Amino acid sequence: MVKYDSPAQLSIEEFKTPFQATLLAANKWVKLRKIVPWDKFASAYMSMMNIDFGRPGISPRIVLGALIIKHLEKLDDRGVISVIQENIYMQYFIGLKEFNPHPVFDPSLFVEIRKRVGHKTFDSLNVELIKSVSERKDKKYNQKKKDKNSNTPKNKGKMQADATVADQYIAYPTDNGILNQSRKQSEKLIDKLYELNGKEGVKPRTYRRKTDKAYLAYSKKKRKSKATHRKMTRKLLECVNRDVKHVNNLLDIFETRGDQFPLKHSEQRMLWIICTVYSQQKYMYDNKTHSCPDRIVSIYQPHVRPIPRGKTKAQVEFGSKLGVSLDSGFARINTLSWDAYNEGGDLVKQIEAYKELHGYYPELVQVDKIYATRANRRWLKEKGIRITATPLGRRKEKQQESYYQKRKHRKEAAERNHIEGKFGQGKNGYKLNEIRARLKDTSESWIACIFFIMNLINYEKGSIFGSIFKIFNTIITSIMLLKERLKVILAREKILEEKRIFRLIPEAKIFVC
């Protein structure tokens, strides 16, 4: 039997909705709403806006809520707006007072939001989260535990530090691939300038069909020798050089006539990038090398630099290098650089940031070997801070450690892996290794937002609300299990009672006879 009602018979007004019922308090968006520092973000966001002039902007709460939903659910810009439009809990999370079936704002506004809200704004929100957890304890500790000689609080706590790379979502760069992209973009500029000039005279020759055919044959080769690479590089360098000359000649025509500059800002920027790429690739070709200062690896994101890491999976990564410190599970970006640098120089700055936040230095710093430089060791010794690194000097001159001390040092060194787990959470859970923003500012905002969301999750785990909900859920689960157990016991008792009755029936018949 199949029961079927045609959906054409039901109008949208007749469709029943459960929105008259109250929202569930155990929903994750309801719980997360209570711990986000909305007011701190609103004050920072409104300070960038003009209060007296202009059209009223989007509420800061809607802006921050949309960014959190985007990275927590790993959605694109359009997907965020559509999922908020459909989900009543998400609308409650971003501060709406009632269900709204329309989009909260246009998805293209996300770009402007990322330009306004940089990584410094998100770092201030991270500071607020850490303060909300430890501020009361820090005040008590700073008043009681003071050193007699210096009248300053004693060192307390542990801090982990490490560096990682947030990879940009770009194609793996090759010299010939970058030159070929530059050639195609310069050909587009030639086509536009020739058309704006009224197609006067003979169109400049670019030999694009021959070059496309040659590059396709080159890219199809599975095994390419060094001579094959250099031959293709020479051809592409000649093409790019010729195209740039054609563009400059066409621009000279507009200048001599006194016309307005024909290229837009983005096109002029692309021309500058093409010229820079040509000069870098020409230098490497002539000197037979594969490195140069400030090397461009993507013409669409010229701020990205190669970061040598020396890992088995990827010797070189392409993105921004982050110097991160971990404090009680909360991660802070202390350094965000687009150039390669030695992370050993971040240690003093990270420890000073820890002291500024808590009022005292950490008792132990858990770091990699690269941080254990002589200058850092000297500075740490002055401040009375221990470090998880083997002491310098010969083994004979070192003090003999007991079994307890060795076990303690091994445990402290192993605790440094917590920050590696934080990087894994960002890259595997929130796509920290696939930054899809193109601009430098928007990429930095994207990275900082991911770290802020990871800190929110960590705060929720250790918050009072989180513990209450966990206890409540365990009680409900145990009650449900008891109910199921009672049902099973009652069913067994019923079956046993029926068996007893059936056994007594034949005996009753014999007695009657």
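Residues numbered from 1 in each chain as written. Predicted model: local features only at pLDDT ≥ 70, side-chain atom pairs only at ≥ 80, totals over all residues. Heavy atoms only, no water.

Draft legend 1. Region of interest: the overall build of the chain. Scanning the chain from N- to C-terminus turns up 17 helices and 6 strands. Pairs at least 24 residues apart make up 68% of the contacts formed inside the chain by residues separated by at least 6 positions. When the accessible surface of the chain is totalled, it reaches about 32,900 Å², and 54% of it is carbon and sulfur. (Helix = DSSP H or I, 4+ residues; strand = E, 2+ residues; numbered from the N terminus. Contact = heavy atoms within 4.5 Å. Areas by Shrake-Rupley, 256 points an atom, 1.4 Å probe, with all protein chains shown as cover.)

Draft legend 2. Structural view of the nonpolar core. Core analysis: the largest hydrophobic core is formed by 64 residues, its most contacted members being Leu 32, Leu 64, Ile 68, Phe 93, Phe 122 and Phe 451. For this core, the element with the highest residue contribution is helix 16 (residues 440-462), accounting for 12 residues. Setting aside residues no more than four positions away along its own chain, Leu 32 makes contact with Ile 68, Leu 72, Phe 93, Leu 456 and Glu 460. (Core = buried A, V, L, I, M, F, W, Y, C linked by side-chain atoms within 4.5 Å. Buried < 20%, exposed > 50% of the residue type's maximum accessible area, 1.4 Å probe, protein only.)

Draft legend 3. Expanded view of the environment of Thr 442. Mapped onto the secondary structure, Thr 442 falls in helix 16. Taking the relative accessible area as the measure of exposure, Thr 442 reaches 4% and is therefore buried. Distance in space between the C-alpha atoms of Thr 442 and Val 117 is 8.5 Å, their sequence separation being 325 residues.

Draft legend 4. Up close: the pairing of strand 2 (residues 305-308). The two faces of strand 2 differ: Arg 305 and Ile 307 on one face are buried, but Pro 306 and Pro 308 on the other face are not. Pairing of strand 2 with strand 3 (residues 316-327), which is carried by 4 bridges, proceeds in the antiparallel orientation. Of the residues in strand 3, the one forming a bridge with Pro 308 is Val 316. (Pairing = 2+ DSSP bridges.)

Draft legend 5. Representation of the packing of aromatic side chains. Counted according to the given criterion, the structure contains 10 aromatic pairs. Taken together, the aromatic side chains of Trp 29, Trp 38 and Phe 93 make up a single cluster linked through ring pairs. Positioned above the aromatic ring of Tyr 141 is the side chain of Lys 156, whose terminal nitrogen or guanidinium carbon lies 4.7 Å from the ring centre. Residue placement shows Arg 436 over the ring face of Tyr 169; its charged tip is 4.0 Å from the ring centre. (Phe/Tyr/Trp six-rings, centres within 6.5 Å; stacked < 30°, edge-to-face > 60°. Lys NZ or Arg CZ within 6 Å of the ring centre and 35° of its normal.)

Draft legend 6. Local environment of unusual backbone geometry. If you check the backbone angles, Ser 328 has positive phi at about 55° while not being a glycine. Among the structural elements, Ser 328 can be located in the loop between strand 3 and strand 4 (330-337). On the basis of relative accessibility, which here comes to 60%, the residue Ser 328 falls in the exposed class. The backbone of Lys 431 sits at a positive phi, close to 55°, despite the residue not being glycine. Here Lys 431 is to be found in the loop between helix 15 (417-429) and helix 16.

Draft legend 7. Summary view of helix 9 (residues 208-220). When the terminal C-alpha atoms of helix 9 are compared, their 18 Å separation across 13 residues agrees well with the 18 Å that a helix rising 1.5 Å per residue should span. Of all the positions in helix 9, only Thr 211, Tyr 215 and Tyr 218 are classed as buried. Seen along its axis, helix 9 keeps its buried residues to an arc of 60°; they face one direction. For helix 9, the exposed residues set more than 90 degrees away from the buried face come down to Arg 209, Lys 210, Lys 213 and Lys 220. Residues of helix 9 that are buried in the fold lie against helix 8 (175-196) and helix 10 (226-257). (Expected span 1.5 Å × (residues − 1). Arc of directions from axis to C-beta.)

Draft legend 8. Quick peek at the side chain of Arg 416. Looking at the element boundaries, Arg 416 is found in the loop between helix 14 (403-414) and helix 15. A relative accessible area of 12% places Arg 416 in the buried class. Of note is the side chain of Arg 416, whose polar atom sits 3.4 Å from the side chain of Glu 420. Apart from the residues within four sequence positions on either side, Arg 416 is in contact with Gln 160, Asp 162, Gln 366, Val 367 and Asp 368. (Polar contact = N/O pair within 3.5 Å; in protein donor to acceptor, adjacent residues only side chain to side chain.)

Read these as geometric descriptors, not functional statements.
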